[in-house]
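Coordinate inspection notes
What follows is the residue order along each chain.
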Amino acid sequence: MITRLLSHALVSAILCLAGSAHAQTLRTLRVAHDFWVGYAGYYVAVEKGFFKEAGLKLVDKAFPSPADGIVPLIQGDVDVHLSTLDTFVTAEDHSPGSIRIISLIDSSHGADAVIAKASVADIPALKGRTVGVAIGQTSHFLLLKALASQGVPATAVKLVNLNGDDAGNAFAGGKLDAAVTWEPFITQGLSQGGHVLYSTADAPDLIINAIGVKPASLKKKRAELTAFLKAFDRGAEWALQNRAEAAAIVAKALEQKPDDVVTMMKKDRLYTRADSVSLIGTSENPGTAIRTTSEIAAFLRNHGIIKRVPTVTKLFDASLLAIGP
């Protein structure tokens, strides 16, 4: 009997030590991002513990703008950056060979927009008006698309260079006639009497968010990145299947009302791993994401934001998406 008790005690001790060892072997991954409704898969995976279950300890580094995490990424202060395609194109131009896009996250289908005050009834009415926009970034691209749709020359509007957050806040504060911004600032602007003139619902698959890393990380942190993508995908799948609860989680991350976030999430399309594989495609058969990135790169070059158009297919490395179920 004593021997049996000792045996049970020994097994318990071994299991305890094994659990402790597992906790100590969590691999650290430093993740940079701004605050965006389309990162629902990430917020859910954090809240539900999916990253931890995948053996990862995340160090979360939040920034106010999509481009703010690029310098930390290139300098090695973070391992992963969630941002827009134009951000990665610009980074690649400034620091050639520094970026690889390993997966897509989402695309805006109305969650980015040109909003205006009531006296600006339509796009032609923007002539001579003051518009807040991040010049040379995707928001600027969206504005030019809007103007071109109605034959309004870009020179007909007065631009104030502001990122999406600041443009949204300035518009809500009555300092601009119009602004190009994103959620939750669109909802904030609408609550102040604004209305939408043009949005990514009119130009789907234009603004796509993705996951970028340094090329060296594809070897040095391959296991961690593979686990990260699987847990992220698990979060996205869960969010798609449990929208109300996912909205509550996103609302907490964005410090917004859950009901408002439900509406915001309807304006965004979350991508699963299968979506990423399809949308990226291959160098021989490029998908929508590569074609969109090429269009963005040409826009940035034409406006002097970048000096050269990169070989876009080399920016993407979808090899980790093909690893395991």
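Right above here is the structure, for reference.
Every chain's residues receive numbers from 1 upward, in the order its sequence appears when written. Residue-level local features of this predicted model are given only where pLDDT is at least 70; pairs of side-chain atoms are given and counted only at 80 or more, and the full residue set underlies all totals for whole chains, interfaces and linings. Side-chain numbers here rest on the full set of heavy atoms in the structure, without hydrogens or water.

**So, the sheet that holds strand β9 (residues 195-199)**
Going by this rule: For two strands to be treated as a pair, DSSP must find at least two bridges joining them. Secondary structure elements follow DSSP: runs of H or I of four or more residues count as helices, runs of E of two or more count as strands, with numbering from the N terminus. Note on definitions: angles span 0 to 180 degrees between N-to-C directions of axes, and those axes are lines fitted to C-alpha atoms, for helices only across the stretch in contact. The contact rule is simple, with two residues in contact once any of their heavy atoms fall within 4.5 Å.
Pairing in this open sheet of five strands is mixed, and the strands run β7-β6-β8-β5-β9 from one edge to the other. Edge positions in the sheet fall to β7 (158-161) and β9, since each has one partner strand and no second. Strand-to-strand twist in this sheet, taken as the mean axis angle between neighbours without regard to direction, amounts to 30 degrees. Judged from the four bridges that link them, strand β5 (residues 112-116) and β9 form a sheet pairing that is antiparallel. Among the inter-strand pairings, Ala113 is bridged to a residue of β9, identified as Ser199. Sheet contacts for helix α6 (residues 138-149): β5, β6 (130-133), β7, β8 (178-182) and β9; angle to β9, the most-contacted strand, approximately 95 degrees. Relative to β8, helix α7 (residues 164-172) is tilted by about 135 degrees, and along the sheet it contacts β5, β6 and β8.

**Thoughts on helix α13 (residues 273-280)**
Keep this limit in mind: Relative accessibility decides the category of a residue: with a 1.4 Å probe and only protein chains considered, values under 20% of the type maximum give buried, values over 50% give exposed, and everything between is partly exposed. The reported arc concerns the directions from the helix axis to the C-beta atoms and nothing else.
All of the buried residues along α13 are Arg273, Asp275, Ser276, Leu279 and Ile280. Down the axis of α13, the smallest arc covering the buried residues is 155 degrees, so these residues share one side. Exposed residues on α13 whose side chains face more than 90 degrees from its buried face are Ala274 and Ser278. Its buried side turned inward, α13 meets β4 (100-108), α10 (222-241), β11 (268-270) and α14 (288-302). Looking one or two residues beyond α13, the residue adopting positive phi is Gly281, at roughly 70 degrees.

**Some thoughts on the packing of aromatic side chains**
Here is the rule we go by: By convention, a stacked pair of Phe, Tyr or Trp rings (six-membered ring in the case of Trp) has centres within 6.5 Å and planes under 30 degrees apart, an edge-to-face pair has planes over 60 apart, and any other such pair is tilted.
Per the counting criterion, the structure on display carries seven aromatic pairs. Note on Tyr42 and Phe232: the rings are 6.1 Å apart at their centroids and 40 degrees apart in plane angle, and the pair reads as tilted. Of the two residues, Tyr42 sits in helix α2 (residues 40-47) while Phe232 sits in helix α10, which places them 190 residues apart along the sequence. In this structure, Tyr42 and Phe232 share a single accessibility class: buried.

Purely geometric stuff here, so don't read any function into it on its own.
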